[in-house]
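Coordinate inspection notes
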Amino acid sequence: MKKNLTARFVIILLVTVGSLYAVVGPRRMPRVSDFTWGGIKQNMSENIRLGLDLRGGSHLVMQVQVPQYLKRLTENNVIAVQEAAKAASLQIKEARADVDINAGRYNLVVAAADASKVNEVRDELQRRIDLSPYSDSVSGDTITWTMTPTAQRALGDQAVEQGMQIIDSRINAVGVAEPTLQRHGATGAHQILLQMPGERDPQRIKNLLAGESRLELAKVVGSTSPMPITTYDTKEAAEAAVAGQPNRRVLPYAERDEPTAAGEAPQTDPNAPTRWVVVENPPVVTGDQLRSAEASEGRAGGGGYEINFSLKPAAAEKFGQWTAANVNAYMAIVLNDRVQSAPFIKSQITDSGQITGSFTEQSAKDLALTLRSGALPAPLVYLEERTVGPSLGADSIRSGVIASIAGLIMVVLFMVIYYRGAGVNAVIALLLNMIITIAALVVFDAALTLPGIAGLILGIGMAVDSNVLIFERIREELETGKTVASSVEQGFNRAFLTIIDTHVTTIVAALFLFIFGTTLIRGFAVTLTLGLLANLFSAVYVSRTIFIWLLSRKGRRAETLSI
Amino acid sequence: MFRILRNVQIDWLAWRRPILLASALILLAGLGSAVARQASPGGTDSFNLGVDFKGGTLLTVRFKQRPSDDQIRSALAAKGVPDSQVQSTEKPDIVLVKLPRQGSEQEALAEAQVDIGAARGAEALATFGEGNATIESTDAVGAVAGRALRNQAIAVTLLALVGVLLYIAFRFEWTYGAAAVITVFHDVLVTLGFFSLFQWEINLTVIAALLTLVGFSVNDTIVTFDRVRENLRLRRRANIYDLTNEAINQTLSRTIITGGLVFLSVLALVVFGGDVLRGFSLALFIGVIVGTYSTIAIATPLMVWFVQRLEGREGRAARPAAAAAGSGAQTQGRAAAGRPARARAASPGRSQRTARQ
């Protein structure tokens, strides 16, 4: 018994000292200053990671618009089909995308000119283009490739992953402190959660992240310099003008008077109505072929900014050939499906260009940054935005702590008055429970949130319940006339079964909350689970050890017990 | 040794009919309030859902010089946000401003509409003078996210309950698990009934509190069931009715002490917890009371009833007298005391049953 007791004390001491160190100890060689009150406070605030609601910061939930991505993918495949048909001299009547986002339909429809050769056309196209996400079906002269649900899921996942990488690189470039970026919500929700502690005004970062930054350079269809660029008043007029012509895209263009001759500065009129231009599709160069992008002060003067970009070698070569062949044509610089500017090609350009527009220094820098990080696969939409100021967080901590301490004082008073000596025992177990729970939070690097404090409170409530269960049971056993030693023994053994059942049930429930719950609910589940596990140690093991120790001091013939 | 209760001998189960009836009435009152609010023309919604679940924007604003609620509302209306709600807090300089969802559902899907409310709110507040209003926190939730959060909260609670049911079925019997889970449903519904009746706002922290309440209620129920199981082991020949009454009485002092202490702690939370935790504290406050009461009022009578029903069916061929056990539960239970067949059907745990065979 004596040896057993020593071993128990050693274990308890180790756990207590270890937990205390985890909470108040520094993560380096301790110094004398660490033992002062100020030092302890300093270390505690470094060790305990507070959640955004307590510390202040921004919490953004974004959704990648996967349907848009799948739509664009299908449309790009239409162009690929047209080019492949041309290259292989296949006779096709038409190739079009049949997309209905709400119905989840992403079809690629190709009609062969000769119905008898429809299978050849299909096989040849499949050989030349990767159409593996689609399943094909033939009826008459028409081949329909339907994107399978499996492929939609896989591609959607891929788009979200890619989006996260790009967001990550943008956050790093702008220098957000301690960001956490993770997938959010159910599978198929295509959501991303970004938490930025300490960030109070996320507006700029939001703009930066949601910037799709899809850059394309494409030839404008219509007249060439020195004639002015061909534009249309309405989208319908533009579409009508190029009806029947393949590979055309109609895009909005906030009109500025583009210089029709070299040396003229473009004039910008902010009130000019939106006009429409027609560009060739596919574009000559896309944003993923950029080598660099930098903001610089515009040559036109007036404090405007522009973005200078240069192309990767392979793209530069292609671009050089193309510009040489299209001198005097207008080239549209398209950003996110809007024509930003449309200068004419003065002479051959190999690897560099400018994006001009009404940029401020900040917006030019941000655009350059997002261009460098690459285009997002699909637009981003913000579903949830939560920002907490640091002072409000501090207020919440204060009221939470005051409430907890008030509750704790009442519990301690009751226990000591009602259970006397055993009550002291319970109070020790309670304090130890709190220390171990917070230490576990520190060790697992889990953030303490407001719901987390609620979980702590429930954990403490159940710790009190465990003590009450045990003590009431010991009293019952004493009343049946058993000796003190066997009453304690029996009381613990019997109550232990109950405690195990109540704890495991609650932990099972908490586990479900953790797996399926939202971020906030998870904080609750984590502290609750840790608190309950700590309780099995403190209320059962530690409390029992103290009883054994008390009894061993009194000897085998102990007849009274303060309970 | 000072004890609150000693040797209690109360026949709790004798009261089960009036108690169950009263519980049903309370439950119906809450549900009735929810339905009536929804159904009555021009009435409010069943529940006062916060921006977390309905979508919209909640701004916490600190004013140096606080304008009146009407001034805040009209400033917002001037910026195109008509139906704003202004709510004072216990701190005089802090005001909660709730804006409904901006833009239609279609717009919400098409663009980043969560920005709109916050941006318009900030614009409106800026009209109260330079640096007068500081936005301390923003919660902007889109319609899609709100719906997802709501569905997820419900799904998670149900899943957690299934987990509880399975665990209790594994440790005890299906009858015990079913009784415990029905009790938890009752507790959650009664608490929600209060939220509907008084139109307290339901937000994410309230969901956390409801989950806490689920834990607390199950905990309380299990403590009693556990004692029933133990009593069954000690005295196999006694009937479930008496054993359950005894178990309630034996654990009564524990129930009162724990319930009372938790109640006091939650009271501290209501008093000192502040407005951020208000919904949470209120839900727990109701929950602690209901959760403690329901163990005696709902869980144990249901469990006894289920066990007697099952037993009635098993014993019908052999002993017609026990067939009516379900309906005339109380007298039947007593009359049949001491018959071994009763104890067998009632004893939970596979091991004991096989041990008897």
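Concerning the overall build of chain A
Looking only at helices and strands, chain A has 14 helices and 17 strands in total. Seen through its C-alpha atoms, chain A measures out along the principal axes to roughly 110 × 65 × 40 Å. The 563 residues of chain A split such that 43% are buried.

Section: the interface of chain A and chain B
Tallying the contact residues gives 59 residues for chain A and 60 residues for chain B. Secondary-structure elements contributing two or more residues to the side of chain A that touches chain B are strand 17 (380–388), helix 11 (390–443), helix 12 (450–479), helix 13 (484–516) and helix 14 (519–554) of chain A. No other element matches the 14 residues that helix 11 of chain A contributes to the side of chain A that touches chain B. When grouped by side-chain class, the residues that make up the side of chain A that touches chain B number 35 nonpolar, 15 polar and 9 charged. By the bridge criterion, 5 bridges tie strand 17 of chain A to strand 5 (residues 133–141) of chain B in an arrangement that is antiparallel. Across the sheet, Val388(A) pairs through a bridge with Ser137(B), a residue of strand 5 of chain B.

Quick word on the environment of Gln362(A)
Structurally, the position occupied by Gln362(A) is in helix 10 (residues 361–373). On the basis of neighbour counts, which here come to 12 C-beta atoms within 10 Å, the residue Gln362(A) falls in the exposed class.

With respect to the packing of helix 6 (residues 143–171) of chain B against helix 8 (residues 204–234) of chain B
Residue and element names in this part refer to chain B. Put simply, helix 6 and helix 8 touch, their axes get as near as 11 Å, and they point 10 degrees apart. On the basis of their axis angle, the class for helix 6 and helix 8 is roughly parallel. Here helix 6 and helix 8 pass one another in a crossing that is right-handed. Contacts between helix 6 and helix 8 involve Ala153, Thr157, Ala160, Leu161 and Val164 on the former and, on the latter, Ile207, Leu210, Leu211, Val214 and Val218.

Thoughts on helix 7 (residues 174–197) of chain B
Residues and elements named next belong to chain B. If you check helix 7, its first and last C-alpha atoms are 34 Å apart, about what 24 residues at 1.5 Å a residue would give, namely 34 Å. By the criterion of burial, helix 7 is predominantly enclosed, with 17 of the 24 residues buried. Gln199 sits one or two positions beyond helix 7 and adopts a positive phi of about 55 degrees.

Here we look at the sheet that holds strand 5 (residues 142–147) of chain A
Residue and element names in this part refer to chain A. Spatially, 4 strands are ordered 2-3-5-4 in an open sheet, and the strand pairing comes out antiparallel. Either end of the sheet is taken by a strand with one partner, and the two such strands are strand 2 (92–100) and strand 4 (134–139). Going from strand to strand, the sheet's axes swing by 20 degrees on average, the running direction of each strand aside. Pairing of strand 3 (residues 105–112) with strand 5, which is carried by 5 bridges, proceeds in the antiparallel orientation.

Side note on the nonpolar core
In terms of nonpolar packing, the biggest core is built from 197 residues, with Leu513(A), Val164(B) and Ala208(B) touching the most fellow members. Every residue in contact with Leu513(A), bar those within four places of it in the chain, is listed here: Ile521(A), Arg522(A), Phe524(A), Ala525(A), Val156(B), Ala160(B) and Leu211(B). In terms of nonpolar packing, the next biggest core, distinct from the first, is built from 39 residues, Leu217(A), Ala238(A), Val277(A) and Ala293(A) among them.

Quick look at unusual backbone geometry
Residues and elements named next belong to chain A. Along the chain, Asn281 connects to Pro282 via a cis peptide bond; the corresponding omega equals 0 degrees. If you check the backbone angles, His190 has positive phi at about 55 degrees while not being a glycine. Note on placement: His190 falls in the loop between strand 6 (180–184) and strand 7 (191–197). The exposure class of His190 is buried, given the 24 C-beta atoms found within 10 Å.

Some points on the environment of Gln203(A)
Along the chain, Gln203(A) falls in helix 7 (residues 203–210). Put simply, Gln203(A) and Phe359(A) are 156 residues apart on the chain and 17 Å apart in space, counted from C-alpha to C-alpha.

A look at the sheet that holds strand 7 of chain A
Backbone-to-backbone hydrogen bonds join strands into a sheet, with any given pair of strands oriented parallel or antiparallel. Judged by pairing direction, the sheet is antiparallel, and its 8 strands sit side by side in the order 6(A)-7(A)-1(A)-17(A)-5(B)-2(B)-4(B)-3(B) without closing on themselves. Each edge of the open sheet carries a strand with a single partner, namely strand 6 of chain A together with strand 3 (85–88) of chain B. Pairs of neighbouring strands in the sheet enclose a mean axial angle of 20 degrees, with direction left out of account. Here strand 2 (residues 56–63) of chain B pairs with strand 4 (residues 94–99) of chain B via 6 bridges, running antiparallel. Bridging from a neighbouring strand, Val61(B) pairs with Val95(B) of strand 4 of chain B. Most of the contacts of helix 6 (residues 149–174) of chain A go to strand 7 of chain A, to which it runs at about 20 degrees, and overall it touches strand 1 (57–64), strand 6, strand 7 and strand 17 of chain A. Sitting on the sheet, helix 11 of chain A touches strand 17 of chain A together with strand 2 and strand 5 of chain B, and the angle it makes with strand 5 of chain B is about 80 degrees.

Parameters and conventions
Residues numbered from 1 in each chain as written. Chains lettered and ligands numbered in written order. Predicted model: local features only at pLDDT ≥ 70, side-chain atom pairs only at ≥ 80, totals over all residues. Helix = DSSP H or I, 4+ residues; strand = E, 2+ residues; numbered from the N terminus. Buried ≥ 20, exposed ≤ 12 C-beta atoms within 10 Å, placed from the backbone. Contact = placed C-beta atoms within 7 Å. Nonpolar A, V, L, I, M, F, W, Y, C, P; charged D, E, K, R; others polar. Pairing = 2+ DSSP bridges. Axes fitted to C-alpha atoms, helices over the stretch in contact; angles between N-to-C directions. Parallel < 35°, antiparallel > 145°, perpendicular 65-115°, else oblique. Left-handed = near helix turned anticlockwise from the far one by under 90°. Expected span 1.5 Å × (residues − 1). Core = buried A, V, L, I, M, F, W, Y, C linked by C-beta atoms within 7 Å.

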